[in-house]
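# Survey of secondary and tertiary structure
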Amino acid sequence: MFSVADTHRSLGGPNSEMIDQIEKGKSTLERARSVVVLTGAGVSAESGVPTFRGGGTSTVWRGMPFEQLSSAEMVQKDLPLVWEWFDYRRGVVAGCKPNPAHEVIADAQRSGKFDSFTLVTQNIDGLHRAAGSTDFIELHGNINQARCLSCAFVQDLGEIPDDERPPVCPKCFDSMRPNVVLFGEGLDEDDLLIAYESAAACDVCLVVGTSALVYPANQIPAIARREGATVIEVNPEETALTSAADISIRGAAGDILPKIFPT
Ligand code: BV8
């Protein structure tokens, strides 16, 4: 009895390679005991959140590349502009909802099918939380929070009037900045250690929607591979990771993830 996949494969159609990769990804996850999922901006693309580098272009706003706007230097130079940039992006994200990729990842964590399931995201959009994921690592922080420049007190932006920019810390009255990791800033050491240790211990590292260009997040699949894990990539485009991935599925996260996670 032929399956569609067998038929396509036997005909050597244009998608036969992709069908093979999907089947391999699916069977790998079915056998997996310990999974790390690393997501980037691409996992939120189908929710309407713009990526940073998709399609070979880089995000520019008010004539400046996003790496310049989202930099430690800009916080020193022009904090009000940093707040305009992040308020603009919060406005874009506010209208976005999780897509099937976020939902499948949240379901997989809750399913109990894996002895260990660690989600690590580079995204600051909060859509994994909105989809029901819990206990995951937001390596680059969260767009919906502010942090005091002096005492590091963190407050939800929902508690701060939109016109209070920069927000004033309720504890020490200094100015607050977005609670995100900017270019040129170190990541939270504890978060990074957990992410690295999970990667070193997992048997499958699934990398979804990242160009794999940003350090140190891009070390996570490298550590997993070095310690013997199978690395699966899901991305419509080739990336800096593709040549090192064991399985590389050319496709959109919202389409592919429901096909490869065990139901
Ligand atoms: C640090 C928060 C040290 C802010 C972010 C030169 C060489 C190498 C490294 C460096 C260098 N110069 C500087 C560095 C270090 C720098 C870095 O890596 N720069 C890069 C650009 C070269 N890194 C840092 O500065 C980090 N800190 O190194 O600290 C240190 C230590 C101690 C003390 C001081 C310093 C901090 C990095 C964190 C920066 N903050 N975000 C904000 O959001 O504004 S990173 C930012 O990029 C976002 O978080 C984003 O998620 C992240 C990574 O990008 P991606 O997620 O991969 O997004 P991208 O658009 O690139 O790709 C999207 C992909 O999705 C594409 O491949 C596309 O094909 C795919 N896609 C599209 N649609 C879909 C899809 N996939 C699936 N389905 C779809 N439907």
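Everything discussed here concerns the structure shown above.
Overview of the structure. (Residues numbered from 1 in each chain as written. Predicted model: local features only at pLDDT ≥ 70, side-chain atom pairs only at ≥ 80, totals over all residues. Heavy atoms only, no water.)

Turning our eyes to something else, we now look at the sheet that holds strand S6 (residues 141-148). Spatially, S7-S6-S8 is the arrangement adopted by the three strands of the open sheet, whose pairing is antiparallel. The strands lining the two open edges of the sheet, one partner per strand, are strand S7 (154-156) and strand S8 (176-180). Taking each pair of neighbouring strands and ignoring which way they run, the sheet shows an average axis angle of 45°. Two elements, S6 and S7, share three bridges in a ladder whose sense is antiparallel. (Pairing = 2+ DSSP bridges. Helix = DSSP H or I, 4+ residues; strand = E, 2+ residues; numbered from the N terminus. Axes fitted to C-alpha atoms, helices over the stretch in contact; angles between N-to-C directions.)

All right, on to the layout of surface pockets then. Estimates place the volume of the second largest pocket at around 150 Å³. As for the second largest pocket, its lining consists of Glu138, Gly141, Asn142, Gln145, Arg147, Arg177, Asn179, Val180, Val181, Glu185 and Gly186. Of all the secondary-structure elements, those providing two or more residues to the lining of the second largest pocket are S6 and S8. No other element matches S6, which puts four residues into the lining of the second largest pocket. Split into classes, the residues belonging to the lining of the second largest pocket amount to two nonpolar, five polar and four charged. (1 Å grid on protein atoms, 1.4 Å probe; cavity = no way out; pocket = protein on both sides within 12 Å on 5 of 7 lines; lining within 4 Å. Points joined across faces, edges and corners; volume = space filled by probe spheres on them. Nonpolar A, V, L, I, M, F, W, Y, C, P; charged D, E, K, R; others polar.)

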